[in-house]
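A structural walkthrough
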Amino acid sequence: MNCEWKDRRVTVKVPASTANLGPGFDTLGMALSLYSWIEMSAAEQTSFRFYGGHMEGLPQDKTNLIYQIAQIVFEEAGVSVPELDIAMYSDIPLARGLGSSATAIIGALAAANALIGSPLTEDRLFQIATKLEGHPDNVGASLFGGIVVSAWDGERAEYVRLVPPPKLETLVAIPSFQLSTSKARHALPAQLALADAVFNVGSSSLLVAAFATGRLDLIRHAMRDRIHQPYRAPLIPGMSAILEEAAEYGALGAALSGAGPTLIAFVEQGSPDSQRLERFLLETLGKEGIQAETLWLKPAEEGPVIQIEQVGQPSTFMDRIKGEV
Ligand code: HSE
């Protein structure tokens, strides 16, 4: 290798995300303050180091998603970097509806692009990520941070990023079981009644307007959905009761997070009901025999945070991200 990037090491921190926000199926996303870190450098031989408990069973050869996505960037930029050293640590549980695959896609794109001097624009990364994921909601949120409203026609995705209302926070209840996105998508009907489509256009539009103007009082009304959550409810026992009753326990609104099984409640910061709401979520799932972990998360304002160093510093990957984990 004889390139300026051969001694470069890139570390990228990427936020998780919640998609749909109720009615905005495949359209709305919000970045959350839960993160993955990916580190990448050119190497003599490809190797992988995975840290933390959420990555068991991921391939450690060139079939690995991060490796393959990096190669897409290099190919598009006309650069050859066949061998990579890749390290990853994640606090985002897999297959729970918190966008773990989207963070891996965005982390890999951002790291590979930064490694070779950022020849691809952010828009180009968004287009590639949307095509890879099949919808723009999670990848848009992880790439741009904040609340992302996007529309994809199968060719191009357009988006507008909104700054989340400052007093907004979220409570997620993460069931201990995994639910694959493909299984949760197979539960959906091929066709919808016009009245249900109209209901969702209204709700989703109102929700975007409520976020844009800080009308937290409208969220409860605007988060209702008739096109995906009712069909997915049998896969997540307890979900219907949580969506119907969360507002009585102090939530501004509640939704299935992405394709589930995580449930997300939006809450106004400083709410006196926060412990009552947390108990309600855990007890409702518990009654169905579902163990769950709760986390309070803020909307994440930023997309990937990129750090570039020279290879050969004495610190380890975990040292470099320590303090944040
Ligand atoms: N919008 C997607 C869905 C998010 O609900 O299936 C999950 O990737």
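Quick notes on the rules
Residues numbered from 1 in each chain as written. Predicted model: local features only at pLDDT ≥ 70, side-chain atom pairs only at ≥ 80, totals over all residues. Heavy atoms only, no water. Axes fitted to C-alpha atoms, helices over the stretch in contact; angles between N-to-C directions. Helix = DSSP H or I, 4+ residues; strand = E, 2+ residues; numbered from the N terminus. Parallel < 35°, antiparallel > 145°, perpendicular 65-115°, else oblique. Left-handed = near helix turned anticlockwise from the far one by under 90°. Contact = heavy atoms within 4.5 Å. Nonpolar A, V, L, I, M, F, W, Y, C, P; charged D, E, K, R; others polar. Domains from an automatic or database assignment. Buried area = accessible area lost by both parts, 1.4 Å probe. Salt bridge = Lys/Arg side-chain N within 4 Å of Asp/Glu carboxyl O. Polar contact = N/O pair within 3.5 Å; in protein donor to acceptor, adjacent residues only side chain to side chain. Buried < 20%, exposed > 50% of the residue type's maximum accessible area, 1.4 Å probe, protein only. Pairing = 2+ DSSP bridges.

1. Quick notes on the packing of helix H1 (residues 65-77) against helix H3 (residues 122-133)
Packing of H1 against H3 brings their axes to within 12 Å, and their N-to-C directions diverge by 135°. Taken together, the axes of H1 and H3 are oblique relative to one another. For H1 against H3, the interelement crossing comes out right-handed. Across the interface between the two elements, Ile69, Ile72 and Glu76 of H1 pack against Arg124, Ile128 and Leu132 of H3. Partitioned by chemical class, the residues of the contact of H1 with H3 number 4 nonpolar, no polar and 2 charged.

2. As for the domain arrangement of the chain
Each domain of the chain was delimited in the assignment, giving domain 1 (4-163 + 304-321) and domain 2 (168-297). On a C-alpha basis, the centres of domain 1 and domain 2 stand 26 Å from each other. Contacts between the two partners involve 24 residues from domain 1, matched on the other side by 38 residues from domain 2. Here domain 1 meets domain 2 over a buried area of about 2,200 Å², counting both sides, of which 66% is carbon and sulfur. Looking at the side of domain 1 facing domain 2, the largest losses of area belong to Pro23, Phe25 and Arg96, adding up to 30% of the total buried there. The interface formed by domain 1 and domain 2 holds 1 salt bridge in total. Arg185 serves as the salt-bridge partner of Asp26, at 2.7 Å between the closest nitrogen and oxygen. Run the count over domain 1 and domain 2 and you get 12 residue pairs in polar contact (both at pLDDT 80 or more). Residue contributions to the side of domain 1 that touches domain 2 peak at 5 residues, all from strand E2 (residues 28-42). Its residues assigned to classes, the side of domain 1 that touches domain 2 comprises 15 nonpolar, 7 polar and 2 charged.

3. Quick notes on the pattern of salt bridges
Summed over the entire model, instances satisfying the criterion amount to 13 salt bridges. Put simply, Arg9 and Glu309 hold a salt bridge, and the shortest N to O gap is 3.3 Å. Here Arg9 is found in strand E1 (residues 8-19), whereas its partner Glu309 is found in strand E11 (residues 305-310), with 300 residues between them in sequence. Residue classification places Arg9 among the buried positions, given a relative accessible area of 7%. By relative accessible area, which is 21% here, Glu309 ends up partly exposed. Arg226 is the partner of Asp196 in a salt bridge, and the nearest nitrogen-oxygen pair spans 3.6 Å.

4. With respect to the sheet that holds strand E8 (residues 253-256)
The antiparallel open sheet is built from 4 strands, whose spatial order is E8-E9-E7-E10. Both edges of this open sheet fall to E8 and strand E10 (292-297), since each of them pairs with a single strand only. With strand direction ignored, the average angle separating the axes of adjacent strands in the sheet is 20°. Examined bridge by bridge, E8 and strand E9 (residues 263-268) share 4 bridges and lie antiparallel to one another. The residue of E9 that forms the bridge with Ala255 is Ile264. Sitting on the sheet, helix H10 (residues 274-287) touches strand E7 (168-175), E9 and E10, and the angle it makes with E10 is about 150°.

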